[in-house]
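Next come the chains, spelled out residue by residue.
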Amino acid sequence: MVTKIDIRLAIPTDIDTISALYGEAFNPMQPRISVEQYLTPPGAFALIAHIEMDDPHIGINGPKNPDPTPAGFLVGRVVLDESEIFSIGVAHRFLRRGVGRALLETLFALAAAREAKSVFLEVAVDNPGAKALYRRLGFDVAGRRKNYYQDPSGNRMDALIMKYDLKNKNLA
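Residues numbered from 1 in each chain as written. Predicted model: local features only at pLDDT ≥ 70, side-chain atom pairs only at ≥ 80, totals over all residues. Heavy atoms only, no water.

Caption draft 1: Structural context of the pattern of salt bridges. Per the counting criterion, the structure on display carries 9 salt bridges. Notably, a salt bridge pairs K4 with D6, separated by 3.6 Å at the nearest N-O pair. The exposure class of K4 is partly exposed, given its relative accessible area of 40%. A relative accessible area of 28% means that D6 is categorised as partly exposed. Salt bridges sharing common partners tie together D16, R32 and E36. (Salt bridge = Lys/Arg side-chain N within 4 Å of Asp/Glu carboxyl O. Buried < 20%, exposed > 50% of the residue type's maximum accessible area, 1.4 Å probe, protein only.)

Right, dumping it as structure tokens:
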């Protein structure tokens, strides 16, 4: 059982953990290279989510696991008045437990503090879970990129460009 999600800015020693999470979520081939490329542009940063879990062998009210478990990541940037999410992923065993939402809400606060007015991302048209989360949080479809993603078998699919308007949202 998940009891607490902690989000923080990643530090250089987190790259292996983020790469492993990226590999699980998206592409097991050379995930470190992908993550390093995302972190190259000016203004780029990464967030990492850890969770604390109840020990199922001791009981719900028993001691917590002393070592928080890496559960997800977000890589993005803020440039001038816009923020862009390059990649966001959650470990399979923590999907639909609030990790993605916590990462996005942390990004919203960070982007607003850096005076961004909007957040953009791309999402594959065949990813209903992510699209539903983004819509619940207030993202709107702003466009479409034809043949943007390629799956492991070589099939191409479109991406939706989604926008979150920070200036009209209550970030309390």
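There is more to say after this.
Caption draft 2: Geometry of the layout of surface pockets. What the largest pocket holds in volume is close to 1,400 Å³. Listed by contribution, the elements that provide at least two residues to the lining of the largest pocket are α1 (15–25), β4 (82–90), α3 (99–113), β5 (118–124), α4 (128–137) and β6 (140–150). Residue composition of the lining of the largest pocket, grouped by class: 24 nonpolar, 9 polar and 8 charged. (1 Å grid on protein atoms, 1.4 Å probe; cavity = no way out; pocket = protein on both sides within 12 Å on 5 of 7 lines; lining within 4 Å. Points joined across faces, edges and corners; volume = space filled by probe spheres on them. Helix = DSSP H or I, 4+ residues; strand = E, 2+ residues; numbered from the N terminus. Nonpolar A, V, L, I, M, F, W, Y, C, P; charged D, E, K, R; others polar.)

Caption draft 3: View of α3. Look at α3: 21 Å from first C-alpha to last across 15 residues, which is about the 21 Å you get at 1.5 Å a residue. Listed in full, the buried residues belonging to α3 are V99, G100, A102, L103, L104, L107, F108, L110 and A111. (Expected span 1.5 Å × (residues − 1).)

Caption draft 4: Structural context of the pairing of β4. Two elements, strand β3 (residues 69–79) and β4, share 8 bridges in a ladder whose sense is antiparallel. Bridge assignment links F73 to a residue of β4, and that residue is G89. The turn linking β3 back onto β4 is made up of 2 residues, and L80 within it adopts a positive phi angle of 55°. Pairing geometry for β4 and β5, over 3 bridges, is parallel. (Pairing = 2+ DSSP bridges.)

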